[in-house]
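# Structure at a glance
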Amino acid sequence: MPTLAAILICCAKSLTTLSTASTIKLVNVQSPDPKILMEDGWKARENYEFKQSEKLLTVAKSLFEKQKDWQNVTECLNHLAYLRQMQAFDLLVQGRKFAAESLTVARKESVDQALPNRANQTILRWLGEFEQADEFAKVLVNSINTNSAARAEARGSLALILMRTGKINEAKNEIELAFRELDEGWEKERMPHKMIWKTKLLIIASLIDYNLGNKKDAKIRAAKALALSKEHNLKMRLAEAEELLKLFS
């Protein structure tokens, strides 16, 4: 969540992990020239032929390694990285369609729209489309009247969007208000929801402090998010906190 790169890393973790010692077997590799395989591999990626792209690039990398052509080994790895990025993007675009459909159904059937709005702002935020996410986030915050802890979580997302759209001081005000709202509703909310939300707010607050130049406070909040994520086995938040802490290494 903290950065688009980190978001894509976290999303890509749901995909099959690429082994450095690949066991992929090819049936249609026509050329033994790794440069041709690499070019065919990235072209397949751009054509959304992800499985074929991975096969070609992995074999090309293996051949370059045997030739000790390390420059082209790095190029294959770069292309494999871009492959994962495109796969993650493709999944997010699919998620966006579900979120949009959810809101359409809610409006048509006159049911509560809070969670559909939450889904839309979340997907748009992960896609890096913060300007579009802003509208959904504001509607969501204003629609939650009785549950201050849930409103705090929504306000945290709004704070992140404000920061990413250059409104850093507004973002700081919103995230501090979110912490107060979470405290107010803490006893009424159940686990693991409230701990997931708390670690989320800590990660966002850390980013805001970092961008305000308060790096000491930012690191403290990131470390706290990491510790709580480990303590409560929050794997997604743990991945986000670990990415965030790389800013301070």
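Parameters and conventions
Residues numbered from 1 in each chain as written. Predicted model: local features only at pLDDT ≥ 70, side-chain atom pairs only at ≥ 80, totals over all residues. Heavy atoms only, no water. Helix = DSSP H or I, 4+ residues; strand = E, 2+ residues; numbered from the N terminus. Contact = heavy atoms within 4.5 Å. Areas by Shrake-Rupley, 256 points an atom, 1.4 Å probe, with all protein chains shown as cover. Core = buried A, V, L, I, M, F, W, Y, C linked by side-chain atoms within 4.5 Å. Buried < 20%, exposed > 50% of the residue type's maximum accessible area, 1.4 Å probe, protein only. Axes fitted to C-alpha atoms, helices over the stretch in contact; angles between N-to-C directions. Parallel < 35°, antiparallel > 145°, perpendicular 65-115°, else oblique. Left-handed = near helix turned anticlockwise from the far one by under 90°. Nonpolar A, V, L, I, M, F, W, Y, C, P; charged D, E, K, R; others polar. Polar contact = N/O pair within 3.5 Å; in protein donor to acceptor, adjacent residues only side chain to side chain. Salt bridge = Lys/Arg side-chain N within 4 Å of Asp/Glu carboxyl O. pLDDT = per-residue confidence, 0-100.

### Some remarks on the overall build of the protein
Of the regular secondary structure elements, the protein holds 11 helices and 0 strands. In the protein, the succession of α and β elements from N to C terminus is α-α-α-α-α-α-α-α-α-α-α. Pairs at least 24 apart in sequence give 62% of the contacts found in the protein among residues at least 6 apart. Accessible surface computed for the protein: about 13,800 Å², of which carbon and sulfur atoms make up 52%.

### A short note on the nonpolar core
Core analysis: the largest hydrophobic core is formed by 45 residues, its most contacted members being M163, I175, F179, L182, L201, I204 and I208. At the level of secondary structure, the elements contributing two or more residues to this core comprise α5 (114–126), α6 (130–143), α7 (148–164), α8 (168–185), α9 (193–211), α10 (215–231) and α11 (235–245). Core analysis: the second largest hydrophobic core is formed by 12 residues, L37, F50, L56 and C76 among them.

### Section: the packing of α5 against α6
Two numbers describe how α5 lies on α6: the axes approach to 8 Å, and their chain directions differ by 150°. In terms of axis orientation, α5 runs roughly antiparallel to α6. You can see that α5 and α6 cross each other, and the crossing is left-handed. In this structure, α5 uses A114, N117, R118, N120, Q121, L124 and R125 to contact α6, whose residues at the interface are F130, Q132, A133, F136, A137, V139, L140 and S143. Class assignment of the residues belonging to the contact of α5 with α6 gives a composition of 8 nonpolar, 5 polar and 2 charged.

### Some thoughts on the side chain of R84
The residue R84 is located in helix α4 (residues 70–109) in this model. A polar contact is formed between the side chain of R84 and the side chain of E54, at a distance of 3.2 Å.

### Quick word on the pattern of salt bridges
A side chain with one charge may pair with a side chain of the opposite charge, provided their charged atoms come close. One pass over the structure, following the stated rule, counts 17 salt bridges. A salt bridge links R118 to E153, with the nearest nitrogen and oxygen atoms 3.1 Å apart. Within this pair, whereas R118 is found in helix α5, its partner E153 is found in helix α7, the two being separated by 35 residues in sequence. Using a relative accessible area of 32% as the deciding quantity, one classes R118 as partly exposed. Between D209 and K172 there is a salt bridge, with the nearest N and O atoms lying 2.7 Å from each other. Within this pair, whereas D209 is found in helix α9, its partner K172 is found in helix α8, the two being separated by 37 residues in sequence. Of the residues examined, K172 reaches a relative accessible area of 22% and is grouped as partly exposed. Via salt bridges that share partners, R151, R155, E174 and E181 belong to a single interconnected network.

### Section: the packing of α9 against α11
Between α9 and α11, the shortest axis-to-axis distance is 10 Å and the interhelical angle comes to 15°. Taken as axis vectors, α9 and α11 run roughly parallel relative to one another. When the axes of α9 and α11 are compared, the crossing they make is left-handed. Here I196, T199, K200, I203, S206 and L207 of α9 come into contact with α11, specifically with R237, E240, A241 and L244. Residues of the contact of α9 with α11, tallied by class, amount to 5 nonpolar, 2 polar and 3 charged.

### Quick word on the environment of T122
Considering the arrangement of structural elements, one finds T122 in helix α5. Classification of T122 by relative accessible area gives partly exposed; the value is 22%. Sequence separation of T122 and A133 is 11 residues, and the distance between their C-alpha atoms is 7.4 Å.

### Concerning the confidence of the model for the protein
Looking at the protein, the pLDDT average stands at 91 and 88% of residues meet or exceed 70. In this model, residues 11–28 is a region of pLDDT below 50 whose contacts with residues beyond four sequence positions or in other chains number 25 contacts.

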